[in-house]
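Descriptive analysis of the structure
Below are the chains, spelled out letter by letter.
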Amino acid sequence: MNTINTLFTQNWYVIENSNKLKKGDVLSKQWMGSRITIYRGYDGRVQVIQASCPHLGADLGHGKVIGNSIQCGFHHLCFDNKGECSNQKSKADSFEIPKLFIFPSEEKFGVIWAYYGSEALFPIPDFPDKETKKIHVKALKTKKINCHPHVVSSNGFDIQHFKSVHKVNFEKEPVLSILDQYKMELTMHIIIPGEDIFLRFLRLIGLKKIKVTFSTLGGNIASSHTKVGNIEIFILFANRPIMGDQTENQPFLMIPKTKGFIKGLIKNHLYMIFLKPIIEKILRDDALILENMKFRENFTPADLVISKYFDLIKKLPTFEMADHRTFTL
Ligand code: FES
Ligand SMILES: [Fe+2]
């Protein structure tokens, strides 16, 4: 069983903006306590791989993209998009170059995601309404919070915090659904007499009730799906652990895309322009409270929902990348 402070559970994590890598580009960076290389092959596909070359360990970020393979800068061994060495010259000496580790990866919402594990156990969440064919996505500013990502995501399951910080009243008891070993969601029907700026705005335009579904997928990914009148807002949070028990929080704000020039312009852009600062303000307020939090599991009976979230967290699979070094210094 994991402890709350286990840093690196399996999940999808945002690693880079898609537009940072053009065909043939390669770069390396620190990720999840080790180093990875990201490159875009000439077929347009991104590959996320272990940075240390399986031969003698050179950083493949100094390498060159050849076709859809990466060529190490040190002895020019090439690794194809399956991780196999394709030009090993020394077959006769019977030492076979180990396979390069490739992380599952995908491009979605304008960023590159990598799955920390050898095989993705679940997909990156989509916009919840399957009927919605096109969505308008805006990546909000990333934020560093001095607190573990699992604790950051727990915020959405903390009913006491909704009552005390956001001053909300519930029309009926919130409903918690544990959907599988990775996913749970909390559905809340909120009456809008709250003090929060966002709720005040909704009241101002005549909306009295709001339905919010807060979900998590493996702790590090969380989302809130809000339906208020005919407005639908989906916020996806990608929380990445960084060393020292910190979080890099990347929110994506999404609304269904409206067709038509005038209507589309108003809904797609004005909504975003208006919603973005309000949502950023709410997130900023929450981040302030989470900053420097040293989490303790001293749950009271009123903390039942948040305690269920931590039950899920403690059973999440972790991952450790195999090390290809053949000797230890
Ligand atoms: S270290 Fe990469 S080819 Fe030798
Ligand atoms: Fe909050």
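Keep in mind the model is a prediction, meaning the values are calculated, not measured. Residue numbers here run from 1 along each chain, matching the order of that chain's written sequence. Following the order in which they are written, the chains are lettered starting with A and the ligands numbered starting with 1. Thresholds applied to this predicted model are a pLDDT of at least 70 for local features of residues and 80 or more for the giving and counting of side-chain atom pairs; totals over whole chains, interfaces and linings are not thresholded and use all residues.

Regarding the domain arrangement of the chain
The condition is simple: Here the bounds of each domain stem from an automatic or database domain assignment. A residue pair is marked as a contact if its C-beta atoms, positioned from the backbone, fall within 7 Å. Strands are runs of DSSP state E lasting at least 2 residues, helices are runs of H or I lasting at least 4, and numbering of each runs from the N terminus. Polarity classes work like this: nonpolar for Ala, Val, Leu, Ile, Met, Phe, Trp, Tyr, Cys and Pro, charged for Asp, Glu, Lys and Arg, and polar for all others, with Gly in that last group.
Each assigned domain of the chain is listed here: domain 1 (12–115) and domain 2 (135–295). Put simply, the middle of domain 1 and the middle of domain 2, counted by C-alpha atoms, are 35 Å apart. Counting residues at the interface gives seven residues for domain 1 and nine residues for domain 2. A per-element tally of the side of domain 1 that touches domain 2 places strand β1 (residues 12–17) first, with three residues. Here the side of domain 1 that touches domain 2 is composed, by residue class, of five nonpolar, two polar and no charged.

Comments concerning the nonpolar core
Here is the rule: When buried Ala, Val, Leu, Ile, Met, Phe, Trp, Tyr and Cys residues are joined through C-beta atoms within 7 Å, the set is termed a nonpolar core. Three exposure classes are used. Buried residues have 20 or more other C-beta atoms within 10 Å of their own C-beta, exposed residues have 12 or fewer, and partly exposed residues fall in between, all C-beta atoms being placed from the backbone.
One finds Tyr 13, Ile 15, Val 48, Ile 49, Trp 113, Ala 114 and Leu 236 to be the most contacted residues of the largest nonpolar core, which totals 41 residues. The set of elements that each furnish at least two residues to this core consists of β1, β2 (26–31), β3 (34–40), β4 (46–50), β10 (111–115), β17 (221–228), β18 (231–242) and β19 (246–256). Summarising the domain contributions, this core has at least three residues from each of domain 1 (12–115) and domain 2 (135–295). The contacts of Tyr 13, once residues within four sequence positions are left out, are Trp 113, Ala 114, Tyr 116, Asn 220, Ala 238 and Arg 240. Grouped together as the second largest cluster of nonpolar side chains are 15 residues, Phe 157, Ile 159, Met 184 and Ile 190 included.

Looking at unusual backbone geometry
One non-glycine residue with positive phi stands out, namely His 76, at about 60 degrees. Looking at the element boundaries, His 76 is found in the loop between β6 (69–71) and β7 (78–79). Positive phi values are uncommon outside glycine, yet Asn 292 reaches one of about 70 degrees. Its place among the elements puts Asn 292 in the loop between α4 (261–290) and α5 (304–314).

Thoughts on the sheet that holds β1
Which entries qualify depends on this criterion: Whether two strands pair depends on DSSP finding at least two bridges between them. To get an axis, fit a line to the C-alpha atoms, keeping to the stretch in contact for a helix; angles then go from 0 to 180 degrees between the N-to-C directions.
Pairing in this open sheet of three strands is antiparallel, and the strands run β1-β10-β9 from one edge to the other. Unpaired on one side and paired on the other, β1 and β9 (105–108) mark the two borders of the sheet. Taken pair by pair, the neighbouring strands of this sheet meet at an average axis angle of 30 degrees, ignoring direction. Taken together, the five bridges between β1 and β10 define a ladder with antiparallel strand orientation. Each bridged residue has a counterpart across the sheet, and for Tyr 13 the counterpart in β10 is Ala 114.

Description of the environment of Glu 291
Mapped onto the elements, Glu 291 comes out in the loop between α4 and α5. The class of Glu 291 is exposed, set by 11 C-beta atoms lying within 10 Å. Sequence-wise, Glu 291 and Val 152 are 139 residues apart; in three dimensions their C-alpha atoms are separated by 9.4 Å.

Regarding α5
So the rule is basically this: Arc definition: it is the arc formed by the directions from the helix axis to the C-beta atoms.
The set of residues buried in α5 consists of Val 305, Ile 306, Tyr 309 and Ile 313. One side of α5 holds all its buried residues, which, seen down the axis, span an arc of 100 degrees. Turned more than 90 degrees away from the buried face of α5 sit Leu 304 and Asp 311, all of them exposed.

Brief notes about the sheet that holds β3
Pairing is antiparallel across the open sheet formed by four strands, whose spatial order is β2-β3-β4-β8. Each having just a single partner strand, β2 and β8 (102–103) make up the two edges of the open sheet. One ladder, built from five bridges, connects β3 with β4; its direction is antiparallel. Within β4, the position partnered with Tyr 39 by the bridge is Gln 47.

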